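So the chains spell out like this:
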Amino acid sequence: MRYLILSDIHANWEALEAVVEAAGAEGWDEAVCLGDIVGYGADPNRCCDWVRNNARHVIRGNHDKASVGLEDLEWFNPVAARACRWTQEQLTPESAEWLRHLPTGPKTTGENGGRFTISHGSPADEDQYVVSSDEAWQLIGYLEETVTFFGHTHLQGGFELQAGVRRMGPVAPEEDHARVATEAHTRYLINPGSIGQPRDGDPRAAWVLFEPGQNRITYRRVAYDVTRAQSKILAAGLPEVLAFRLAIGH
Ligand code: ZN
């Protein structure tokens, strides 16, 4: 089984389309989405449609909640709140209904022998950011399966945690197609990165290919038409910074 692990699409259709094309060329069986399908970008409905029709497992992110009024916007910075209000106005009734009923993570899925957990933020709290090794270590008690995928930070990479010897370290992708060979008795907290708004200094759309039968996780990136995504954001009257940051991946 080959899983496509997608996160933080943020209404960026050009980025999602490029990922779908690149991943399609490699082949995959099931797509999984870790939330934040909407928010920031100019194509919320198109992205909702693709995920709704193609992803087998989906959980909600904080922007998905906020875009249908399930989260108070006072927790959002002014730019995110403005983008959220714009998204609320654009959503079709069908998209809004689907977003409103997305399940809350964490959720465990996968077949026998290949089970894994997905969460938007931390597996302890869907809105919590996991950035440092210490933050990851605090979560070891929540990690029942060997592999947990999370998003929210828009940083591709992850953590390898082993109780007893307390081996702990970032599993950072240092090159394209970087791979993690998963081992039993170790816990992996893996962030596929963001498709629609990467913040790790690499503007290319990010995702992960997970092959539990091979004990293999592969980090992937693909360049997409940033200029087109930017012009749609500007034409929609969304904050300019949301267009600008796509070019620098920050
Ligand atoms: Zn996000």
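Before any of the text, the structure's been laid out above.
It should be emphasised that the depicted structure is a prediction, and the values quoted were computed from it without experimental measurement. (Residues numbered from 1 in each chain as written. Predicted model: local features only at pLDDT ≥ 70, side-chain atom pairs only at ≥ 80, totals over all residues. Heavy atoms only, no water.)

Help me understand the sheet that holds strand β1 (residues 3-6) in this model?
Sheets are built from strands that pair by backbone hydrogen bonding, the pairs being arranged parallel or antiparallel. Spatially, six strands are ordered β3-β2-β1-β11-β12-β9 in an open sheet, and the strand pairing comes out mixed. Of all strands in the sheet, those with a lone pairing partner are β3 (55-58) and β9 (179-181), marking the two edges. Sheet twist, expressed as the mean angle between neighbouring strand axes with direction ignored, is 25 degrees. In terms of strand pairing, strand β2 (residues 30-33) meets β3 through three bridges, oriented parallel. Residue pairing across strands places C33 opposite V58, the latter belonging to β3. In the packing of helix α2 (residues 44-54) onto the sheet, the strands contacted are β1, β2 and β3, and the crossing angle to β3 comes to about 105 degrees. (Pairing = 2+ DSSP bridges. Helix = DSSP H or I, 4+ residues; strand = E, 2+ residues; numbered from the N terminus. Axes fitted to C-alpha atoms, helices over the stretch in contact; angles between N-to-C directions. Contact = heavy atoms within 4.5 Å.)

Please clarify how helix α8 (residues 240-248) should be interpreted in this entry.
One turn of the α-helix equals 3.6 residues, which is why residues spaced by three or four share an orientation. Considered for burial, the residues of α8 that qualify are L242, A243, R245 and L246. What you see down the axis of α8 is that its buried residues fit within an arc of 165 degrees, all on one side. The exposed set on the far side of α8, more than 90 degrees from its buried face, consists of E240 and F244. Turning to α8, the residues buried within the fold contact α4 (78-90) and α7 (226-235). Positive backbone phi, at 65 degrees, marks G249, one or two positions downstream of α8. (Buried < 20%, exposed > 50% of the residue type's maximum accessible area, 1.4 Å probe, protein only. Arc of directions from axis to C-beta.)

It is not clear to me how the coordination of the zinc ion should be interpreted in this structure. Could you clarify?
Around a metal, the idealised angle for a tetrahedral arrangement of four donor atoms is 109.5 degrees; for an octahedral arrangement of six donor atoms it is 90 or 180 degrees. Every protein donor of the zinc ion is accounted for by D8 (OD), H10 (NE2), D36 (OD) and H154 (NE2), and the metal-donor separations fall at 2.1 to 2.4 Å. Around the zinc ion sit four donor atoms; with metal-centred angles ranging over 86 to 177 degrees, the donor geometry is irregular. One chain supplies every donor to the zinc ion, and in sequence these donors are spaced D-x1-H-x25-D-x117-H. With a gap of 28 residues between them, D8 in the loop between β1 and α1 (13-26) and D36 in the loop between β2 and α2 connect regions that are remote in the sequence. The two residues D8 and D36 agree in class, both being buried. (Donors = N, O, S within 2.8 Å, 3.2 Å for Na, K, Ca; no water. Tetrahedral: all angles 85-135°; square planar, octahedral: opposite > 155°, others 65-115°.)

What exactly am I supposed to notice about empty space enclosed by the protein here?
Think of a ball as big as a water molecule: rolled over the atoms, this probe shows where empty space is left. Applying the stated criterion to the full structure yields one cavity of 30 Å³ or more. In this structure, the largest cavity encloses a volume near 80 Å³. If you list the elements that add at least two residues to the lining of the largest cavity, you get α7 and α8. Per element, the largest residue contribution to the lining of the largest cavity is three residues, and it comes from α7. Here the residues of the lining of the largest cavity are counted per class, giving seven nonpolar, five polar and three charged. (1 Å grid on protein atoms, 1.4 Å probe; cavity = no way out; pocket = protein on both sides within 12 Å on 5 of 7 lines; lining within 4 Å. Points joined across faces, edges and corners; volume = space filled by probe spheres on them. Nonpolar A, V, L, I, M, F, W, Y, C, P; charged D, E, K, R; others polar.)

Can you walk me through the pairing of strand β11 (residues 205-211) in this structure?
It is a general feature of regular strands that their side chains alternate between the two faces of the sheet. Taking burial as the measure, the seven residues of β11 include seven buried ones, the bulk of the element. What you see with β11 is no split at all: A205, W207, L209 and E211 on one side and A206, V208 and F210 on the other are buried throughout. In this structure, β1 lies alongside β11, joined through three bridges in antiparallel fashion. When the bridges of β11 are listed, Y3 appears paired with F210. Note that β11 and strand β12 (residues 216-222) share seven bridges and pair antiparallel. In the strand pairing of β12, A206 is matched with R221.

Any chance you could explain unusual backbone geometry here in plain terms?
One can expect most non-glycine residues to show negative phi and most peptide bonds to be in trans. Here the amide bond leading from G105 into P106 is cis, since omega sits at 0 degrees, within 30 degrees of zero. Note that P106 resides in the loop between α5 (93-100) and β4 (107-109). With a phi close to 55 degrees, A11 is a non-glycine residue in the positive phi region. For A11, the position within the fold is in the loop between β1 and α1. Non-glycine residue Y40 carries a positive phi angle of around 85 degrees.

Spatial relationships are all this shows, so hold off on functional conclusions.
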